Amino acid sequence: MNNGRLIPLGSGRIRTVAAVLMSEVNQVVPVGRLIDLAWDAEPPARARGVVHNHVHRLRQLLAGHAELVTRGTGYALAADPVTVDATRFRHLVTAARGAEPHRAVPVLRQALGLWRGDALADVPGERVRRMLGVGLAQSRVAALQDLGRHLLFLGRHGELITELTAGVAEHPLHEELTALLIRALQADGRQAEALDQYYRAKRQLNDELGIDPGPALHGAYLAVLGGETVPARPVPAPGRRAPVRAASGGPSAVRGGPAPGGPWHDRTTGVRSGPAPADDIWRPPASLAAAAPLPGPVPDFCGRERELAALDRAAAPPGAGCVVLAGGAGTGKTTLAVEWAHRRRPDFPDGQFFIGLRGLGPEPGEPGAALSLLLTALGVPDEAIPPAPADRSALYRSLVVGRRILVVLDDAGTVGQVRPLLPAAPGCLTVVTSRRRLTPLAVRDGATLVTVCPLAPDDALEMLGSALGRPRIAAEEDAARRVVGLCDRLPLALRISAARLMAHPDWSLECWALRLTDERRRLTELSAPGEDSAMDAALRVSHDALSPGAAGLFRVLGLLPGPRIEVSRAAELAGQDLDRTRRELAELCDAHLLQEHVTGHYLRSDLVRIYARQLAVPGPAA
């Protein structure tokens, strides 16, 4: 329905395609995702053509009301969000959460009145109903509970009993709704009915789930037995929460998500979201920040104005949604991401998440495992976490809708590690650090790519001075500047230098510069105990992640002196054709082991050149 006019979609998978596009209104939905959801991950060979036909039909049906546009390998439903029932529901619930109880009640009733049966009930495909419908159903129940708590606070017990009787009949295992109904019956002087309601709920929980009543239901029971006055509490104001992105049911419903008050356990569905309930209800961690805290900012951070400005632009509405900080080994990508996250902490009041992906390590982190961590920290019990990574991703996205959340994904190796972890919700920002460019995230996901280069010379000198003391730098400024250059202005190398100098206070900066001048020992000198504190170890990780061909070319290039490499000379030295050499040089650039200067000409830093020379072996590349 659009502005009161019914739009007949017909039956079949065109309804699934429409539901998915509306669930991500104004966002690009890849064709592969439409196919995967429409056929429950088992598409026929002709699925792509069928989706194209459905999109063409939807364009005709929505003409004059919304536009279906092609973007790359996907489609986006370009529309005013408020024309979708789900968004109207969202705005009404948002308005109610900041209103006084007597004003919130009619607004919540209007929001709940937008529902017409179960969410996505007439959309074929069990998987799409499960993935998109979980958040929808949770949002509806959350709004109903908000309404009940407001009515309880206002003393309108008869209305509350009428509203919740139907809700409890529909959700008989939802303990918080049942507890509200029991308290309303008690307040209305109907203690016998309140106790009967409790015993029926207790039997049903035991028979169907094999569990006893939880704190909310048991607390309501004790209140009836003790004749206590019902604790009438209004729904608390959400503070600095972002608007909830809930959704209504029916054919035009779009993705829902948790209300801004923080999720807690629903013993029926496993997850329940909404504002903080009465104090006797168990609460999980308020955000992932408690389970995966940001590392502390480093005290010697300096410079990076360009990169910080790029992150600020990405965080400004409407925002890029994802920023990739890409750079070579030791450039300080993680430090930059963490520093910016701490500076902007007030802008993400619903959580700042840090996940280490170990993308180029021997055991890279699986996105499914990272999603489990995120879901657990968002309050999902272990038994309610879906086994399939795709379902975990969908549940995670539904839970963060309506929140302002920052996710730092550190040391990503591939796009496949990152894409399932993108919240894809307004107000959320994902900052990815990687030694690779991860260009597909910009092409398909609209990510902003920021190259993290070595520090500017003055910033590198300031970093060294912050560790060693500015008087020491001022006393040997020329030697200090040589040290900065010999470290390629890399934060990791500079910190190792500072650590070595602090461990040997009798060494002068001139002495240290002379030690680094010997290229046979420079990488050895720029090491400290532990694999994470050595420049050669950091470069080894980048080298070992290369394809065999690119790794072989990298080693052969170690035979060349100087920083410049010309493509024809590299091909001649490697004993291979130009096309293969260009492909492998492009891979080395993507790994930030080389930098393309002009077409056919490449540059490399001194430390990369020295490391390649240590590995160099004559002969053709592998």
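This structure is a prediction, so every number in the text was calculated from the model and none was measured.

(A) Molecular detail of the overall build of the protein chain. Check the secondary structure of the protein chain and you find 27 helices and 13 strands. Buried positions account for 53% of the 622 residues belonging to the protein chain. Considering only contacts within the protein chain whose residues lie at least 6 apart along the sequence, 69% involve residues at least 24 apart. Per element, the accessible surface of the protein chain, about 26000 Å² overall, is 54% carbon and sulfur.

(B) Region of interest: helix 25 (residues 567-574). For helix 25, the set of buried residues is V567, A570, A571 and A574. Within helix 25, the buried residues cover an arc of 100 degrees as seen down the axis, which keeps them to one side. Elements that come into contact with the buried residues of helix 25 comprise helix 24 (548-557), strand 11 (564-566), helix 26 (578-590) and strand 13 (601-603). In the stretch just after helix 25, G575 is the one whose phi turns positive, near 70 degrees.

(C) Quick look at the packing of aromatic side chains. According to the stated counting rule, one finds 6 aromatic pairs in the structure shown. Three or more aromatic residues joined by ring pairs form one cluster here, namely Y198, Y199 and Y221. Here R404 stacks its cationic end above the ring of F348, 5.0 Å away from the centre of that ring.

(D) Examining the sheet that holds strand 12 (residues 595-598) more closely. Strand order in the open sheet formed by 3 strands is 11-13-12, with antiparallel pairing between adjacent strands. Strands with a single pairing partner mark the edges of an open sheet, and in this sheet they are strand 11 and strand 12. Geometrically, the sheet is characterised by an average inter-axis angle of 35 degrees between neighbouring strands, direction not taken into account. As defined by bridge partners, strand 11 adjoins strand 13 across 3 bridges and the pair is classed as antiparallel. Its bridge partner being in strand 13, I565 is matched across the sheet by Y602. Its contacts with the sheet put helix 25 on strand 11 and strand 13, and the angle it makes with strand 11 is roughly 75 degrees.

(E) Seen up close, the packing of helix 23 (residues 535-544) against helix 27 (residues 606-615). It is at 11 Å that the axes of helix 23 and helix 27 come closest, and there the two elements cross at 75 degrees. Classified by the angle their axes make, helix 23 and helix 27 are roughly perpendicular. Listed contacts from helix 27 to M535, D536, L539, R540 and H543 of helix 23 are L607, V608, Y611 and L615. A class-by-class count of the residues in the contact of helix 23 with helix 27 yields 6 nonpolar, 1 polar and 2 charged.

(F) A look at the nonpolar core. Membership of the largest hydrophobic core comes to 56 residues, with the highest contact counts inside it found for L526, M535, L557 and L588. L114, L160, L177 and L217 belong to the second-largest nonpolar core, a separate cluster that totals 39 residues.

(G) Summary view of the sheet that holds strand 8 (residues 406-412). The 5 strands lie next to each other as 7-8-9-6-10, forming an open sheet whose pairing is parallel. Looking at the sheet topology across the chains shown, the edges are occupied by strand 7 (352-356) and strand 10 (448-451). This sheet shows a mean twist of 15 degrees between the axes of neighbouring strands, independent of strand direction. Together, strand 6 (322-326), strand 7, strand 8 and strand 9 (429-434) form the strand contacts of helix 12 (residues 333-343), whose direction differs from that of strand 9 by roughly 160 degrees.

(H) Molecular detail of the confidence of the model for the protein chain. Residue-level pLDDT values for the protein chain average 78, and 80% of them are 70 or greater. Mean pLDDT across the elements of the protein chain ranges from a minimum in strand 4 (residues 263-264), with 30, to a maximum in helix 19 (residues 477-486), with 96. Across residues 230-291 the pLDDT falls below 50, and counting only partners more than four positions away or on other chains, this stretch makes 220 contacts in the model. Between residues 618-622, whose pLDDT stays under 50, and residues either more than four places distant or in other chains, the model counts 17 contacts.

(I) Quick peek at the pairing of strand 12. Taken together, the 3 bridges between strand 12 and strand 13 define a ladder with antiparallel strand orientation. Note that in strand 13 the partner of V598 across the bridge is H601. Connecting strand 12 to the antiparallel partner strand 13 that follows it, the hairpin turn spans 2 residues, and G600 within it adopts a positive phi of roughly 85 degrees.

(J) Main features of unusual backbone geometry. Look at L438: it is not a glycine, yet its phi comes out positive at around 55 degrees. One non-glycine residue with positive phi stands out, namely D488, at about 55 degrees. Assignment of secondary structure puts D488 in the loop between helix 19 and helix 20 (491-503). Assessed through its relative accessible area of 12%, D488 is described here as buried.

(K) Region of the structure containing the pattern of salt bridges. This model, assessed by the stated rule, comprises 27 salt bridges. Linking R481 and E477 is a salt bridge whose minimum nitrogen-to-oxygen distance equals 3.2 Å. Taken as a pair, R481 and E477 lie in helix 19 at a separation of 4 residues, close to a single helical turn. Take R481: its relative accessible area is 35%, and that puts it in the partly exposed class. For E519, the salt bridge is made with R609, and the minimal N-O distance between the two is 2.8 Å. Of this pair, E519 sits in the loop between helix 21 (509-517) and helix 22 (522-525) while R609 sits in helix 27, and the two are 90 residues apart along the sequence. For E519, a relative accessible area of 22% corresponds to the partly exposed category. Look at the salt bridges and you will find they share partners, linking R109, R156, E159 and E163 into a network.

(L) Layout of the packing of helix 17 (residues 457-468) against helix 19. At their nearest, the axes of helix 17 and helix 19 sit 10 Å apart, and the two run at 110 degrees to each other. On the basis of their axis angle, the class for helix 17 and helix 19 is roughly perpendicular. Counting all contacts with helix 17, which are made through P457, D458, A460, L461 and L464, the residues of helix 19 involved are E477, A480, R481, V483 and V484. Partitioned by chemical class, the residues of the contact of helix 17 with helix 19 number 7 nonpolar, no polar and 3 charged.

Rules and cut-offs
- Residues numbered from 1 in each chain as written.
- Predicted model: local features only at pLDDT ≥ 70, side-chain atom pairs only at ≥ 80, totals over all residues.
- Heavy atoms only, no water.
- Helix = DSSP H or I, 4+ residues; strand = E, 2+ residues; numbered from the N terminus.
- Buried < 20%, exposed > 50% of the residue type's maximum accessible area, 1.4 Å probe, protein only.
- Contact = heavy atoms within 4.5 Å.
- Areas by Shrake-Rupley, 256 points an atom, 1.4 Å probe, with all protein chains shown as cover.
- Arc of directions from axis to C-beta.
- Phe/Tyr/Trp six-rings, centres within 6.5 Å; stacked < 30°, edge-to-face > 60°.
- Lys NZ or Arg CZ within 6 Å of the ring centre and 35° of its normal.
- Pairing = 2+ DSSP bridges.
- Axes fitted to C-alpha atoms, helices over the stretch in contact; angles between N-to-C directions.
- Parallel < 35°, antiparallel > 145°, perpendicular 65-115°, else oblique.
- Nonpolar A, V, L, I, M, F, W, Y, C, P; charged D, E, K, R; others polar.
- Core = buried A, V, L, I, M, F, W, Y, C linked by side-chain atoms within 4.5 Å.
- pLDDT = per-residue confidence, 0-100.
- Salt bridge = Lys/Arg side-chain N within 4 Å of Asp/Glu carboxyl O.

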